[in-house]
Amino acid sequence: MAITYSSQDLYDELVRHKLIIPVGVPGAFGRGAVFEDVLARFNDLVTRLAKNDGAEVMAFPPILDRQVFEKSEYLDSFPQLAGTVFSFYGTDLQHKELSQRIHDKKPWEDLQKMTGVVLTPAACYPVYPSFTGTVPAEGRLVDMQNWVFRHEPSPEPTRMQAFRVREFVRVGSPDAVIDWRNMWLARGVELLSSLGLPAKSDVAADPFFGRGGRMLAASQKEQKLKFEVLVPVISEDKPTAVCSFNYHQEHFGKIFEINTPDGAIAQTACLGFGMERVVMALFRTHGFVPTEWPKHVREQLWP
Ligand code: ZN
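Rules used throughout
Residues numbered from 1 in each chain as written. Predicted model: local features only at pLDDT ≥ 70, side-chain atom pairs only at ≥ 80, totals over all residues. Heavy atoms only, no water. Axes fitted to C-alpha atoms, helices over the stretch in contact; angles between N-to-C directions. Helix = DSSP H or I, 4+ residues; strand = E, 2+ residues; numbered from the N terminus. Parallel < 35°, antiparallel > 145°, perpendicular 65-115°, else oblique. Left-handed = near helix turned anticlockwise from the far one by under 90°. Contact = heavy atoms within 4.5 Å. Pairing = 2+ DSSP bridges. Donors = N, O, S within 2.8 Å, 3.2 Å for Na, K, Ca; no water. Buried < 20%, exposed > 50% of the residue type's maximum accessible area, 1.4 Å probe, protein only. Polar contact = N/O pair within 3.5 Å; in protein donor to acceptor, adjacent residues only side chain to side chain.

How should I be thinking about the packing of helix α2 (residues 33–49) against helix α6 (residues 174–194) in this particular structure?
Between two packed helices, both the angle of their axes relative to each other and the distance between the axes serve to describe the pair. Running from N to C, α2 and α6 cross one another at 135 degrees; their axes reach a closest spacing of 12 Å. By the criterion of interaxial angle, the relationship of α2 to α6 is oblique. For the pair α2 and α6, the crossing hand works out as right-handed. Across the interface between the two elements, F42, L45, V46 and L49 of α2 pack against W184, R187, L191 and L192 of α6.

I would appreciate a short explanation of the sheet that holds strand β3 (residues 56–57) in the present structure.
Two strands in a sheet stick together by hydrogen bonds in their backbones, pointing the same way (parallel) or opposite ways (antiparallel). The seven strands are arranged β3-β8-β9-β14-β12-β11-β10 in an open sheet whose pairing can be described as mixed. Only two strands of the sheet have a single neighbouring strand rather than two, namely β3 and β10 (200–203). Direction of pairing for strand β12 (residues 240–249) relative to strand β14 (residues 267–274): antiparallel, over a ladder of six bridges. The partner of Q249 across the bridge, within β14, is T268. Sheet contacts for helix α9 (residues 275–286): β8 (140–149), β9 (162–172), β11 (226–231), β12 and β14; angle to β14, the most-contacted strand, approximately 40 degrees.

How should I be thinking about the coordination of the zinc ion in this particular structure?
Each donor-metal-donor angle in an ideal tetrahedron of four donors is 109.5 degrees, and each such angle in an ideal octahedron of six donors is either 90 or 180 degrees. Those protein atoms acting as donors to the zinc ion are C124 (SG), E167 (OE) and C270 (SG), and they sit at 1.9 to 2.3 Å. Taken in chain order, the donor set of the zinc ion reads C-x42-E-x102-C. Of this pair, C124 sits in the loop between β6 (113–119) and β7 (133–134) while C270 sits in strand β14, and the two are 146 residues apart along the sequence. Classification of C270 by relative accessible area gives buried; the value is 4%.

How should I be thinking about the side chain of D206 in this particular structure?
Structurally, D206 is set in the loop between β10 and α7 (210–222). Among the polar contacts listed, one links the side chain of D206 to the side chain of K226, at a separation of 2.8 Å.

This is the structure in structure tokens:
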């Protein structure tokens, strides 16, 4: 059976099968029970695959300390994607004004001020401050699943404003970090291929902002700092990144004062599965009814 690759068709099918629930805002739909089941099963499969890696499991809320965010230099690269949390700090009088303006459908943003938190811009950001100091000789490995915010409203179902990332972060010596990244690059492609997804890896670049950003992206590609595992979901020619690998070199080590026992600045790398995208790739490839998926795929997800 030929697969239709189209953004609108994928969206319509996901809605029709009650896999996602529109909420009115582009890129911010609800998820139905079957969608969530597939997501949880894939998550379990990743856990089984990584069970002997010795990762520490951590969980963070979908917000990040604004000071950590500022230190991370995210706004230097991706101002267009960030989400800063604002709230009301005013008096009774200003509260009356706020209510009045909202009822009158007038602008009210000047009556709110920035809080001490931002929405988590990338799944791994909350973890770096916890590495400050000297890491053990073998480094550390952390396993997380976090909600991430990206300000890029779009009708395209794979481009979400909020989504979950199953992420592993490795910190240690350059060799340890690169070996680990390479091991997972092969493992990630193998995992997705084993689920019948036509996955392949490629060098990639982040969506850096503006004219200066184009140079940053070119340099990132040249240095092979970012890889993605791609699967056709809404297009065959432009497959969707379902897993992303970032090698930060000393970026976070310098900012958060993380060292290896020999006194060098520790390096970091991370890899993240875009959970909703993996689920959508499965639905697109195998159809929208999981009970009808190929046996070898079902056996892996529902062992
Ligand atoms: Zn990361």
